[in-house]
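Coordinate analysis (summary)
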Amino acid sequence: MAEFLTVALVCASTLAAPDCSRETALDVAVAPAPTPISCLMQGETLAAQSGFVRGRETYLKVACERRRTAALRPEAEAR
């Protein structure tokens, strides 16, 4: 399983970059990535292939997140 997630966010050009997030983005694409470098490279590829970015109206922000895994609760392990 890939350790990272590439998160490509397409945000309105009127939105400041620090405010661009999964919640405020116009479009979001997520894909697994094995390393941080491949994560960053993959973000631009995702956006280019999807056609999400539309001229000066939007911009692309790429974030790399560590994949979260659910820890088993002790009572679940005992069953």
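Residues numbered from 1 in each chain as written. Predicted model: local features only at pLDDT ≥ 70, side-chain atom pairs only at ≥ 80, totals over all residues. Heavy atoms only, no water.

An unreviewed UniProt entry lists the chain under the name Ribosomal protein S27, with Methylobacterium aquaticum given as the organism.

1. Some details on the sheet that holds strand E3 (residues 58-66)
In spatial order, the strands read E2-E1-E3; together these three strands make up an open sheet with antiparallel pairing. Every other strand in the sheet has two partners, leaving strand E2 (27-33) and E3 as the edge strands with one partner each. Sheet twist, expressed as the average angle between the axes of neighbouring strands with direction ignored, equals 20°. In the packing of helix H1 (residues 36-50) onto the sheet, the strands contacted are strand E1 (4-12), E2 and E3, and the crossing angle to E3 comes to about 150°. (Pairing = 2+ DSSP bridges. Helix = DSSP H or I, 4+ residues; strand = E, 2+ residues; numbered from the N terminus. Axes fitted to C-alpha atoms, helices over the stretch in contact; angles between N-to-C directions. Contact = heavy atoms within 4.5 Å.)

2. Digging into the environment of proline 36
Tracing the chain through its elements places proline 36 in helix H1. On a C-alpha basis, the gap between proline 36 and leucine 5 in space is 8.8 Å, while along the polypeptide they are 31 residues apart. Apart from the residues lying within four places of it in its own chain, the contact partners of proline 36 are Phe4 and Cys64.

3. Regarding the nonpolar core
Val7, Leu9, Cys11, Cys20 and Ala25 form the largest nonpolar core, which has five residues in total. Excluding residues that lie within four positions of it along the chain, alanine 25 makes contacts with Leu9, Val10 and Cys11. (Core = buried A, V, L, I, M, F, W, Y, C linked by side-chain atoms within 4.5 Å. Buried < 20%, exposed > 50% of the residue type's maximum accessible area, 1.4 Å probe, protein only.)

4. Focus: the environment of glycine 55
Secondary-structure assignment places glycine 55 in the loop between H1 and E3. For glycine 55, a relative accessible area of 61% translates into the label exposed. Remark: the alpha-carbon pair of glycine 55 and serine 13, spanning 42 residues in sequence, is separated by 9.6 Å.

5. Remarks on the state of the cysteines
All told, the structure shown has two disulfides when counted by the stated rule. The side chain of cysteine 11 participates in a disulfide bridge whose partner is cysteine 20; the two sulfur atoms lie 1.9 Å from each other. Negative torsions about the S-S bond denote left-handed disulfides, and the value of about 70° found for cysteine 11 with cysteine 20 makes this one right-handed. The burial state of cysteine 11 is the same as that of cysteine 20; both residues are buried. Here the bonded cysteines of the chain are numbered in sequence order, and their pairing is 1-2, 3-4. (Disulfide = S-S within 2.5 Å.)

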